Amino acid sequence: MLEQKLENLQEILRQLDTIVIAFSGGVDSTFLLKVSLETLGKDNVLAVTADSETYPFEELEEAKQLAKQLGARHEIIETSELNIPGYSENTPNRCYFCKKSLFDHLIPIMHSQGYKNMAFGLIADDMGEHRPGVKAAKEYNVRGPLHEAELYKNEIRELSQQMGLPTWDKPSFACLSSRIAYGEKITIDKLRKVHESEKAIKNLGIRQVRVRTHGDTARIEVEPSEMSTLLKYHETLTEQLTEIGYTYVTMDLKGYKSGSMNKVLSK
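Residues numbered from 1 in each chain as written. Predicted model: local features only at pLDDT ≥ 70, side-chain atom pairs only at ≥ 80, totals over all residues. Heavy atoms only, no water.

Observations concerning the domain arrangement of the chain
To keep it simple, the criterion reads: Domain start and stop positions are those given by an automatic or database domain assignment. Note on contacts: a residue pair is in contact if any heavy atoms of the two residues lie within 4.5 Å. Salt bridge criterion: a side-chain nitrogen from Lys or Arg within 4 Å of a carboxyl oxygen from Asp or Glu.
Domain parsing of the chain yields domain 1 (1-163) and domain 2 (176-251). Relative placement of domain 1 and domain 2: their C-alpha centres are 27 Å apart. Facing 13 residues of domain 1, the contacting portion of domain 2 comprises 15 residues. Here domain 1 is connected to domain 2 by one salt bridge. Linking Lys199 and Glu58 is a salt bridge whose minimum nitrogen-to-oxygen distance equals 3.5 Å.

Considering the sheet that holds strand β4 (residues 117-119)
Here is the rule: Pairing between two strands is assigned when DSSP locates at least 2 bridges connecting them. Where helices and strands are cited, they refer to DSSP runs of H or I of at least four residues and of E of at least two residues respectively, numbered from the N terminus. To get an axis, a line is fitted to the C-alpha atoms, and for a helix only the part in contact is used. The angle between two axes follows their N-to-C directions and goes from 0 to 180 degrees.
In space, the four strands of this open sheet follow the order β3-β2-β1-β4, with parallel pairing throughout. Both outer strands of the open sheet, β3 (73-78) and β4, are each paired with one neighbouring strand and no more. Taken pair by pair, the neighbouring strands of this sheet meet at an average axis angle of 25°, ignoring direction. Where strand β1 (residues 19-22) and strand β2 (residues 45-51) come together, four bridges link them in parallel fashion. What sits directly across from Ala22, in β2, is Val48.

Here's the deal with the side chain of Asp126
Defined as follows: Burial classification: accessible surface area is computed with a 1.4 Å probe over protein chains only, and a residue below 20% of its type maximum counts as buried, one above 50% as exposed, and the rest as partly exposed. Polar contacts, as used here, are pairs of N or O atoms within 3.5 Å; protein pairs need one atom able to donate a hydrogen and one able to accept it. Residues neighboring in sequence count only if both atoms are side-chain atoms.
Position of Asp126 relative to the elements: it lies in the loop between β4 and α5 (133-139). Judged by relative accessible area, which is 9%, Asp126 ranks as buried. Of the polar contacts made by the side chain of Asp126, one reaches the backbone nitrogen of Ile123; its length is 3.0 Å. Sequence-distant contacts of Asp126, defined by excluding residues within four places in its chain, comprise Gly121 and Arg131.

Details of the nonpolar core
Heads up, the rule is: Within this scheme, the nonpolar core is defined by two criteria: the residues are buried Ala, Val, Leu, Ile, Met, Phe, Trp, Tyr or Cys, and they are joined through side-chain atoms within 4.5 Å.
Ranked by internal contacts, the top residues of the largest apolar core, which has 32 residues, are Leu9, Leu13, Phe31, Leu33, Leu146 and Leu151. Listed by contribution, the elements that provide at least two residues to this core are α1 (2-16), β1, α2 (27-40), β2, α3 (57-70) and α7 (153-162). At seven residues, the largest contribution of residues to this core is made by α2. Here Leu9 is in contact with Phe31, Val35, Pro145, Leu146, Ala149 and Leu151, once residues within four sequence places are set aside. Membership of the second largest hydrophobic core comes to 22 residues, among which are Leu82, Tyr87, Leu191 and Ile244.

Quick look at the packing of aromatic side chains
Note the following rule: The pairing test for Phe, Tyr and Trp rings, Trp by its six-membered ring, is centres within 6.5 Å, and the orientation test on the planes gives stacked under 30 degrees, edge-to-face over 60, and tilted for anything in between. Note on criteria: charge over ring means Lys NZ or Arg CZ within 6 Å of the ring centre, with the direction from the centre no more than 35 degrees off the ring normal.
All chains considered together, the criterion is met by three aromatic pairs. Relative to Phe120, the ring of Phe103 lies with its centre 5.9 Å away and its plane at 80°, an arrangement referred to as edge-to-face. Separated by 17 residues along the polypeptide, Phe103 in helix α4 (residues 94-112) and Phe120 in the loop between β4 and α5 bring together distant segments of the chain. Take Phe103 and Phe120: they sit in the same class, and that class is buried. Relative to Tyr140, the ring of Phe103 lies with its centre 6.0 Å away and its plane at 55°, an arrangement referred to as tilted. Residue Phe103 is found in helix α4, and its partner Tyr140 is found in the loop between α5 and α6 (145-148); the two are separated by 37 residues along the sequence. By the ring-pair criterion, three or more aromatic residues cluster together here, those being Phe103, Phe120 and Tyr140. In this arrangement the basic side chain of Lys135 is found over the ring face of Tyr96, its NZ or CZ atom lying 5.1 Å from the centre. The ring of Tyr246 carries Lys193 above its face, with NZ or CZ at 4.7 Å from the centroid.

Considerations on the environment of Asn90
Structurally, the position occupied by Asn90 is in the loop between β3 and α4. In this structure Asn90 comes out as buried when scored by relative accessible area, which is 0%. Setting aside chain neighbours within four positions, we find Asn90 in contact with Ile180, Ala181, Tyr182, Gly183, Glu184 and Ile186. Of note is the side chain of Asn90, whose polar atom sits 2.6 Å from the side chain of Arg94. Of note is the side chain of Asn90, whose polar atom sits 2.8 Å from the backbone oxygen of Ala181.

Dropping the structure here:
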């Protein structure tokens, strides 16, 4: 079954012929880049990474290293989500504005360098979640080969491990804006607080973390198995996050959940 899905992905890529890939350096886009390079050849694939306020420096550096390791052509473009009309207001369709702006940047690159298609790391899991960015992808005819091949995250991790990709067990990551409660204006300072707080927690050896921001409150999500570490260092963390700018520091007893901010949308 898994081998068949990989073959289906390769056939989809062959039909695309030449592609520009929106490359974040995450599990999905790295796997997509790897298979695209092996299927189409490096001259027919271009990875483009958008550097912005919502994308941590560490992630950008890792994306550079991964692209180099894979032997991919790689370009970095400067973008600013906070300058996109409608984005900083942080409505539930925030991601639509982000993806639309990203594709607006990629189209000239695609045309000027002679590529035929654009692709991004949409996966099968995403279709059961709140994903406004998918609407923008459809409007711009941006393909999601992993989704089209019906590949799920756990399958992508398994295949990535088989291929020797270092991202096979990389923690899931989303832009820093996803930490801020809908309706709260997104600002540079709030993004800074999230970034610095998550770095402080990761320094404890915790790999998967989200610091959800609700006004002056930090709601920390980690895997249940790592909650004991938070409790062990609760005094130090409370002091650090208070210095960073939060008034209240809490731990979510449900643990880490991708897209947990979307719960309010169903109410």
